[in-house]
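Coordinate analysis (summary)
Here are the chains, one letter per residue:
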Amino acid sequence: MKYAPLLAVISCLALQARAQTYFYVDQIVVEPVAPTEQDAISIHLVGGLSSTGAYVVSASASVVGNTVTIAISAADPGGATVIVPHTEIIPLGTLDAGSYTIVIDGQAVGDLSPLPQHSFIVTGGGNSCDALGIESIQWHAFTDTAIVVHVTNSGSGVFDYPNFILFNMQGDTLAKETVNFFGIGAEGWHILRVLDDVMIPTEPFMGSLELWTGFTSDLACTWDLELDLCPPPPCAPLIIELMNTGGGLAVGTFSWTIYDENIVEVMNGSMELTGMIQWDADTICLEPGAYSMSFIPDQEPTGGQLFHGLAVYGNIHGPTSQVVWGLPALMEFPFYVPCGSSSNSIESGSERDDQAILVRDMPDVWEFSAENDQVFTVEIFDALGRSLSDPIRSASPIIIGKAGFRSGIYFFKVGSQVIRLVRASD
């Protein structure tokens, strides 16, 4: 019996130790104040630490159903016994619309906040599809068996495990994406495989694009669109890459040449690798069609394993080939081949000249004639898509001398048409 008072004291001290509070939560603040399912939500625990040495060891949140459980612990290795104001912020991210309850599961934490602050409501906030922008739907640059959807996302919705499906207006499936991403970020390029035995229209057509989530379990968004799968004329960006994959340093200059399907030179350029730079790239603008490419070192071999390749924006890559010393090997490649004979045209402001244009390619001049000697406009672009002169506007005919043009491919925008002509070597 004489030990009973001592045991009682020990039990009391142990209970106080277990119940010691180092972080007092006076308020629970939800940010933003009126969250929608588009908002990134955070929980602010506002209160005070028990001393100048007290601190929050860890804080995290989990959401199960409509209950938000905050696991938080605090410690105090020692310090002056004064209340130190402190706010702990716990991010939640986006939540589905609904009413939520906050439960604080704390160690050495006291929840003194008012009961009404333990709940909040997330509203719908509109259609999350409005945050998605379909920037383009085009043929894959290097194959006619795939279509690429370029999408941007200005909202906070992730669209878990998404895939796009393209239909014509009769409801026939044209192309479908295999799930390859966890979600849709700020910008992405999604590759859709064209279904077997499907005929894709060669002209602009009306179609429907659907976005599914959850491995094609939930339909998220639908767009009815006028589709033109070809890039705007007269040419499309193409990235030429040169890279050393190892085995020593490669140093020197390298000349590349692109030929059309008739082995006529279209354009050329060069790249350089140094002791510090073992990757180089050029961006050109190339007309849709079938091509081949040579890559030739300008000096004796140095080191490394060199490859050249092609790509377009969106980290979409085409064929690659090893750079060899000696006789050049041609690497054949398609480039938007379904668009090679496209009737795509460039709009000319409010003017749209649909009359037939007669073109005469003479030894020293190009001559453009319109029906009934009508007034029309001619603009000239090189193979990189660069404008070479101010628009020429006159009554028919318009005659352009070849003297100021080097050999190569040129594009003439004549009213609403784009005409490709080759300037041969003198």
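Computed from a predicted structure; not experimentally measured.

With respect to the overall build of the protein
- In terms of regular secondary structure, the protein is built from 1 helix and 30 strands.
- For the protein, restricting intrachain contacts to residue pairs at least 6 apart in sequence, the fraction spanning at least 24 positions comes to 64%.

Overview of the layout of surface pockets
- In this structure, the second largest pocket occupies an estimated 430 Å³ of space.
- In this structure, the second largest pocket is lined by 15 residues; those nearest its centre are Asp96, Ser128, Gly157, Val158 and Phe159.
- By residue class, the composition of the lining of the second largest pocket is 4 nonpolar, 7 polar and 4 charged.

A look at the state of the cysteines
- Throughout the structure, instances matching the rule amount to 3 disulfides.
- The disulfide partner of cysteine 129 is cysteine 221, and the S-S distance across this bridge is 1.9 Å. What sets the handedness of the cysteine 129 and cysteine 221 disulfide is the S-S torsion sign, and at about -85° it is left-handed. Of the two residues, cysteine 129 is situated in the loop between β8 (119-122) and β9 (132-139) and cysteine 221 in strand β15 (residues 218-227); the sequence distance between them amounts to 92 residues. With respect to class, cysteine 129 is no different from cysteine 221; both count as buried.
- A disulfide bridge connects cysteine 235 with cysteine 285, and the sulfur atoms are separated by 2.1 Å. Classification of the bridge connecting cysteine 235 and cysteine 285 rests on its S-S torsion, roughly 100°, and on that basis the disulfide is right-handed.

A word on the sheet that holds strand β7 (residues 109-111)
- Across the sheet, which stays open at both edges, the 4 strands sit in the order β5-β2-β1-β7 with mixed pairing between neighbours. Taken across any chain shown, the strands that pair with only one partner, and hence form the sheet edges, are β5 (84-93) and β7. Averaged over all pairs of adjacent strands, the angle between their axes in this sheet comes to 35°, without regard to strand direction.
- Both strand β2 (residues 41-49) and β5 contribute to a ladder of 9 bridges, which runs antiparallel. Considered in β5, the bridge of isoleucine 41 is made with glycine 93.

Thoughts on the pairing of β15
- Note: strand β14 (residues 205-213) against β15, 9 bridges, orientation antiparallel. Counted as the bridge partner of leucine 209 is tryptophan 223 from β15.
- Linking β14 back to β15 in an antiparallel pair, the connection comprises 4 residues, with glycine 214 at a positive phi of about 60°.

Points about the sheet that holds strand β12 (residues 173-176)
- Overall, antiparallel pairing links the 7 strands, which are arranged β9-β10-β13-β12-β11-β14-β15 in an open sheet. Edge positions in the sheet fall to β9 and β15, since each of these pairs with one other strand and no more. For this sheet the average axis-to-axis angle between neighbouring strands, irrespective of direction, equals 25°.

Some thoughts on unusual backbone geometry
- Residue proline 32 is bonded to the preceding glutamate 31 through a cis peptide linkage, with omega at -5°.
- Its place among the elements puts proline 32 in the loop between β1 (23-31) and β2.
- At the junction of proline 233 and proline 234, the peptide bond is cis and its omega measures out at 10° in the coordinates.
- Structurally, the position occupied by proline 234 is in the loop between β15 and β16 (236-244).
- One non-glycine residue, asparagine 315, adopts positive backbone phi at about 60°.
- Within the fold, asparagine 315 resides in the loop between β21 (306-312) and β22 (316-322).
- In this structure, tyrosine 336 is a non-glycine residue whose phi angle is positive, near 45°.
- Mapped onto the fold, tyrosine 336 is located in the loop between β23 (331-335) and β24 (357-361).
- By relative accessible area, tyrosine 336 is classed as buried at 8%.

Re the packing of aromatic side chains
- With the rule as written, the count across this model stands at 10 aromatic pairs.
- A ring pair is formed by tyrosine 161 and phenylalanine 182, whose centres lie 5.8 Å apart and whose planes are at 70°; its orientation type is edge-to-face. Here tyrosine 161 is found in the loop between β10 (146-153) and β11 (163-168), whereas its partner phenylalanine 182 is found in the loop between β12 and β13 (187-194), with 21 residues between them in sequence.
- Between tryptophan 366 and phenylalanine 405, the aromatic rings sit 5.5 Å apart at their centres with planes inclined by 75°, giving edge-to-face as the arrangement. Placement of the pair is tryptophan 366 in strand β25 (residues 365-370) and phenylalanine 405 in the loop between β28 (398-401) and β29 (408-414), with a sequence separation of 39 residues.

Considering the nonpolar core
- Of all hydrophobic cores here, the largest spans 57 residues; its most connected members are Ile258 and Phe335.
- Not counting residues up to four positions away in its chain, the partners in contact with isoleucine 258 are Ile240, Val264, Glu265, Val266, Met267, Ile284, Tyr291, Ser292, Met293 and Phe333.

Some points on the environment of isoleucine 357
- By secondary structure assignment, the location of isoleucine 357 is in strand β24.
- Taking the relative accessible area as the measure of exposure, isoleucine 357 reaches 17% and is therefore buried.
- Here the alpha-carbon distance between isoleucine 357 and serine 369, two residues 12 residues apart in the chain, equals 5.6 Å.
- Residues contacting isoleucine 357, with those up to four places away along its chain left out, are Phe368, Ser369, Ala370, Phe376, Val414, Gln417 and Ile419.

Some thoughts on the environment of leucine 219
- Within the secondary structure, leucine 219 is located in strand β15.
- With relative accessibility at 44%, the residue leucine 219 sits in the partly exposed group.
- Ignoring anything within four residues of it in the chain, the contact list for leucine 219 reads Glu210, Leu211 and Trp212.

Rules behind the numbers
- Residues numbered from 1 in each chain as written.
- Predicted model: local features only at pLDDT ≥ 70, side-chain atom pairs only at ≥ 80, totals over all residues.
- Heavy atoms only, no water.
- Helix = DSSP H or I, 4+ residues; strand = E, 2+ residues; numbered from the N terminus.
- Contact = heavy atoms within 4.5 Å.
- 1 Å grid on protein atoms, 1.4 Å probe; cavity = no way out; pocket = protein on both sides within 12 Å on 5 of 7 lines; lining within 4 Å.
- Points joined across faces, edges and corners; volume = space filled by probe spheres on them.
- Nonpolar A, V, L, I, M, F, W, Y, C, P; charged D, E, K, R; others polar.
- Disulfide = S-S within 2.5 Å.
- Buried < 20%, exposed > 50% of the residue type's maximum accessible area, 1.4 Å probe, protein only.
- Pairing = 2+ DSSP bridges.
- Axes fitted to C-alpha atoms, helices over the stretch in contact; angles between N-to-C directions.
- Phe/Tyr/Trp six-rings, centres within 6.5 Å; stacked < 30°, edge-to-face > 60°.
- Core = buried A, V, L, I, M, F, W, Y, C linked by side-chain atoms within 4.5 Å.

By themselves, these observations are geometric and do not establish any function.
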